[in-house]
Structure formats: structure tokens, C-alpha cells
Amino acid sequence: VRLISRRLSPIGNKIKNIPFTELLILELSEFQHYHQINVEMNSSIPKLFEDFKITAQTYLLGYITEVLHNISKHAKANTLTISSGIGTEDSLSLIMQDNGVGIESINLQGNGLTNIQKRAVLLGGKCEIKSGKSGTSFILKIPIKLNLK
């Protein structure tokens, strides 16, 4: 019941009431629990996310949720590794890599992958999707200054 009620609550309301990093941890914890896919963090969640505009936080959470949904639906993975960092060009990168079956090249234009790309553009950035037999990597790069409050 808790999951259903959380899912029905608009993202904007959640972001206004819960610090973004806590909301992200909740999302990843639920993903891990309900999909039995281990989530490993290679780096801490950037505290900089707390300084993003609410619209940027909403787009970022939507991006992450869409990637998680894609992994749970298609990847047949048992591990998701997440890392992040600040680049030399005032950009932030977020890498989400699963150890699943990969994406066939003919499927790279599916609705979920298109939505992932659109959300990256809404953040002023881009998402590179790399896929092979050992899994898929979603590499998001977004400008920092554009997304700050």
C-alpha cells in the first residue's frame, strides 16, 4: 500500500517535502527490494543535487526512474552500479551500469530509451547509451550552472 501511495504522489510534491538525496536513496532502495537487483554505489550521491532547481531535480529523478524501469523490464540484470563525478567542464556525470543482457541495436529507439534521452536534454545535457553482452551503461552528463537554483 505504501508503494502505491508513493507512486500516486506527484514527483514535485515529493521533492518539495523530502531532501533530494533522501528521495533518491528511497527510490534506489525500493528498486533493489522489489526487483531483486543489487545496487552498488561507487561514489556518494553528489550533495550538489540539493542545490539544483526543483525543475532540474524533477527531471533528474524522472531520468533515474526511467533508467531503473528500463533495467528492471529488459536487462535481466542482478547488479546495478552507480557512480558520479564532476568533470573539468563544469559538468556533472552520472553513470548507471547494469550487468544484464544488453540492448540490441534495433531496440535503441524504444519509448523508454527515447524518454531517457529527452530527460537528459531537459537538463541541458546528453545521455550516451553503451551496450554489449556484459550489460548496458547509461552515461548522463549535465551542466552544473544551468541547473543550480
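Above this text you will find the structure in question.
Chemist: When you look at helix α5 (residues 111-122) in this model, what are you seeing that I'm missing?
Modeler: Every α-helical turn comprises 3.6 residues, leaving residues that sit three or four positions apart pointing alike. Its 12 residues place the ends of α5 16 Å apart at the C-alpha level, agreeing with the 16 Å of an ideal helix rising 1.5 Å per residue. Close packing links the buried residues of α5 with α4 (54-75), β4 (126-132) and β5 (135-143).

Chemist: Got a minute to help me understand the pairing of β4 in this structure?
Modeler: In summary, the side chains of a regular strand alternate between the two faces of the sheet. Two strands pair when backbone bridges link them, and β4 and β5 are joined in this way by 7 bridges, in the antiparallel orientation. Opposite K126, over in β5, you have K141 as the bridge partner. Linking β4 to β5, which pair antiparallel, is a turn of 2 residues.

Chemist: How should I be thinking about the pattern of salt bridges in this particular structure?
Modeler: Once the charged atoms of two side chains with opposite charge are near each other, the side chains can pair. Here the structure, examined in full by the defined rule, presents 2 salt bridges. R119 is paired through a salt bridge with E66; the nearest N and O atoms lie 4.0 Å apart. Pair noted here: R119 is in helix α5 and E66 is in helix α4, with a separation of 53 residues, a long-range link. The exposure class assigned to R119 is partly exposed, which follows from its relative accessible area of 26%. Among the ionic pairs, E128 bridges to K130, the shortest N-O distance being 3.8 Å. Note on K130: relative accessible area 45%, which makes it partly exposed.

Cut-offs and rules
- Residues numbered from 1 in each chain as written.
- Predicted model: local features only at pLDDT ≥ 70, side-chain atom pairs only at ≥ 80, totals over all residues.
- Heavy atoms only, no water.
- Helix = DSSP H or I, 4+ residues; strand = E, 2+ residues; numbered from the N terminus.
- Expected span 1.5 Å × (residues − 1).
- Contact = heavy atoms within 4.5 Å.
- Pairing = 2+ DSSP bridges.
- Salt bridge = Lys/Arg side-chain N within 4 Å of Asp/Glu carboxyl O.
- Buried < 20%, exposed > 50% of the residue type's maximum accessible area, 1.4 Å probe, protein only.

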